[in-house]
Structure formats: structure tokens, C-alpha cells
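Residue-level listing of the chains:
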Amino acid sequence: MICKVRETIEKYRMPLKNATVVVAVSGGADSMALLHILYSLKDEYNIRLIACHVNHGIRGEEADSDEQFVKNCCKKLGVELRTLKADVPKLAAESGMGEEECGRKVRYDFFNSVAEKALIATAHTLSDRCETLLFNITRGASVKGLCSIPAVRDNIIRPLIDCSSSEVRAYCADNGIEYVNDSTNFEDKYTRNRIRLNVIPQLKAINPSVESSLSRLMDSARSDSDYFDSLTDSIIAASKLSDGGYAVKYFSDEHEAVKSRVITEILKREADIRPEKIHIRLVEDILNGGKAQITGGVIAECKDGVLMINPTCENTEKWERDFSSLRCEAPGQILTGEIINISELQQSQNVHNNVLDFDSIIGRPVMRSRNEGDKIRLAGSSCTKTLKKLFNEKKLKNRNTVPVLADDLGVVWIYGIGCCERCKITEKTKSVMIIRGD
């Protein structure tokens, strides 16, 4: 399998030569195989190898045992090891993220902190890639989604991406490599586990070589996606104007597949958002002239053949509306509030994005544009920031159109960004306010 991994490294041009490589090691079969293979290749590529293990604080004694197992293995190999113990469930609750999303953020923040300009090697396999493909399809994947997990993204490399899980386990067995089993991998309450435990076996019953077949599909999608990305970049470069606008003549008559990609990329670059189909359609509808509110803080306008995103910047007038009735008009949309009991709050609700502890609001609530000197400590954050700094970080240009909810003590919520620490949902919350924009 080392030969196959070497081929993968060359195929995807993974820049391993003379690199510092941070290897994510959970203790499972995939990560242990990756650690041993990179250890075998370290002299060939002149690699500095650093193993990293994160204890997520989810599985109690089992997780502690896994951590000790990784420590023993790295000591035996003579590989430098860094470890992190985090309370992911607590961090997820404080930040409003799901545990899986929060865990991923914790891991990659840690990996990136270990060494400057290091590569991060993760043990994703062909089997993981197939599971992600099926997961993406069930959610309505684009061609980009059909590419599944990339072999290389930024400083992240995945040397096992062309190896199946069965090949990895066979390699471990042949080379006497010990590993641990995560008990949660066998619980089908998680979507990916259900795909792995239930869907993949059914597909293999139809076609025993289904992973190879799906690999060809993903490689084909990746080739198409790379072509469209290159074409999109060329059109954007040609259409970009010095004043920040885009000449629509370069893409308005293009095929839908190209035009939608160009608009998507423009919105990403200019407004720092990941647009959905409805947002792309709103821009398409005004390419012959017009103006559209894309999200709470993003406006698109096409005039004289030039598309501008947030063209008015700070020129929009200040505004303020009473929100005591839980309804008001904001620039480009209607904002409404709903009060419910905490028991009615769905777990899928993004707790800190558009949901607040209603009883924590002091005095009269008003919906308004930002004011000079406004500050907020976002839920789950350890620091207070001015809205000016926060909007700079979010790359928002048309800042006076962004709805801000304030009470007698200050800013409590910002559209599309979240609520303050004071008004976040806690175990003491009884009444919940849900804010929606139409």
C-alpha cells in the first residue's frame, strides 16, 4: 500500500518534500496506518513528522484510553506528539455549533497552531470519500459536491484518499499495526454512520466494486469542476472593473452552468457569503438592470451594464424602528419576531444566530442601523468588539442596511451574525424570541 500512497502523493502533487507534516492521529486504523506510512517515507521526502491527537471530551474513559494508546505508539516510534484535551460538548453549546462542526474547528485550530507553514495530513480514505459523496447527493449536490473530499485543500493533504478502508485494515494486519475502535463508529444515529453501516453494504451487494465505480465518478466530477473553476476565474478577471463592479456583458449570455458559477464567485469575493440558489437567481434577474436585497447586509445592483455588490456602502441613511410589536420594515425586507416557550425550540435551530433569551431583553427593543461606538460581545466569545471592527472582519460594505436589535443596555443581536452573550440561550431560559427576515 505504500506504493499506492506514493502514487497518490505524486498524482495530486502533495508538497511533502522538506515539509513539516502534522499528522492527525485518533488511534483508529486509518490514522495509525497513515502515521506508519509517513514514518516509512519520512527520509525519502525529508519530512519532519509531528503527530497530533485531540481528546474531544465526549467518550470519557474510552477517549482517555485512546489518548494513552496514541502516546505509547508515538513513543515506540520515536515520533514527536502534541495532544489537546477539549470539552467539545460545552464549547458547542456555548458557540451554538453542532458538536461535529465544533469538534472539527477545535481540531483544525489545534493542528494549525502546532507549527508554522506545516502541512496537515488527515487519514481520510476512499471509503470516507464515497460516504461523503452519498451524503452530498442526499442533500442535493452540485458538481462541486460530487467531487466529495479533495485530496489537497490549502495546507491539508490526504495521502490515503485512494485507499479503501479494507485495504487499510489489511495493511495494518500485514504489518502488525495495532489500533483502537471508536465505539461511536458503530452507532447508526449519526448520518455518516448510517451510510457506512447500512447504505454502502447494500450498494456492494449490487456491485462489489462500488467504491471503485464511485471513485471514477468523483474523479470525473473533479476534472469538470476544475475546468469550470478555471473558466469562471477567466471571466471574472475579464469583467472586473477598476471601481469594483463587473461588466455583465462578459457573462450574461453564457450558459447557465457558467453564469451561475460566475455570480456565485462574485458574491463570495465581494460579500463573503456562500450563496444559495435563491441568491444566485436574484442576481440573474437584475442583470438587465435593477436592484435586489440578497441577504440582510448584501445588496446587488445592475446599472448601465455594470453589476455592483453593496454599491452604496456607507451612503445608506441611518434608520430606527420600534420592535415592541415584533414586526418592522428594514431596508429591503420585513423583520418579524416570535415568542415561544423554550420547550418548543427545535434542536436544529441555530441558537445564537436568530434566537435570543427574550427575558434578558431590558426595556424597549428597537431595530435599527448601527450607531457609532456600538459594541457587542457575541455569544460564546471571550471579548467585546465594536460593530465597526466586526463588520470589517465580515467584509460587510453596505453596513447601514444590516439590522441591529438593541435594548436599553445596548446591542443584543445583529442580522446574520448572532446575539450577544447576555441574551444567549441557557439552561435558565424560559421564553425564546426567534427573529426572521422575509
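Residues numbered from 1 in each chain as written. Predicted model: local features only at pLDDT ≥ 70, side-chain atom pairs only at ≥ 80, totals over all residues. Heavy atoms only, no water.

*Asks:* In this structure, what is going on with helix H6 (residues 126–138)? I would like to understand it.
*Replies:* For H6, built from 13 residues, the straight-helix expectation of 18 Å at 1.5 Å per residue is met to within 8% by its first-to-last C-alpha distance of 19 Å. The set of residues buried in H6 consists of Leu 126, Ser 127, Asp 128, Arg 129, Cys 130, Glu 131, Thr 132, Leu 133, Leu 134, Phe 135 and Asn 136. At its buried positions, H6 is contacted by helix H2 (29–45), helix H7 (143–146), helix H8 (165–174), helix H9 (191–206) and helix H10 (210–239). A positive phi of about 90° marks Gly 140, the residue just after H6. (Helix = DSSP H or I, 4+ residues; strand = E, 2+ residues; numbered from the N terminus. Expected span 1.5 Å × (residues − 1). Buried < 20%, exposed > 50% of the residue type's maximum accessible area, 1.4 Å probe, protein only. Contact = heavy atoms within 4.5 Å.)

*Asks:* Any chance you could explain the packing of aromatic side chains here in plain terms?
*Replies:* Where two aromatic rings form a pair, the distance of their centres and the angle of their planes describe that pair. All told, the structure shown has four aromatic pairs when counted by the stated rule. When the ring of Phe 110 is compared with that of Phe 111, the centres are 6.2 Å apart and the planes differ by 45°; the resulting orientation is tilted. For the pair Phe 110 and Phe 111, one class covers both residues: buried. Ring pairs connect the aromatic residues Tyr 108, Phe 110 and Phe 111, which therefore count as one cluster. Taking NZ or CZ as reference, Lys 42 lies 5.1 Å from the ring centre of Tyr 39, over its face. Of note, Arg 261 hangs over the ring of Phe 228, and the distance from its end group to the ring centre comes to 4.2 Å. (Phe/Tyr/Trp six-rings, centres within 6.5 Å; stacked < 30°, edge-to-face > 60°. Lys NZ or Arg CZ within 6 Å of the ring centre and 35° of its normal.)

*Asks:* Would you explain unusual backbone geometry in this entry?
*Replies:* As a rule of thumb, non-glycine residues mostly have phi less than zero, and peptide bonds are mostly trans rather than cis. Look at Arg 13: it is not a glycine, yet its phi comes out positive at around 55°. Position of Arg 13 among the secondary structure elements: in the loop between helix H1 (2–11) and strand S1 (20–24). Residue classification places Arg 13 among the exposed positions, given a relative accessible area of 74%.

*Asks:* Is there a simple way to think about the sheet that holds strand S13 (residues 333–341) in this case?
*Replies:* Pairing between the strands of a sheet is mediated by backbone hydrogen bonds and can be parallel or antiparallel. One open sheet holds the four strands; their spatial order is S12-S13-S21-S14, and the pairing between them is antiparallel. For this open sheet the edge positions go to strand S12 (327–330) and strand S14 (355–357), each flanked by a neighbour on one side alone. For this sheet, the mean angle separating the axes of adjacent strands, direction not counted, is 25°. (Pairing = 2+ DSSP bridges. Axes fitted to C-alpha atoms, helices over the stretch in contact; angles between N-to-C directions.)

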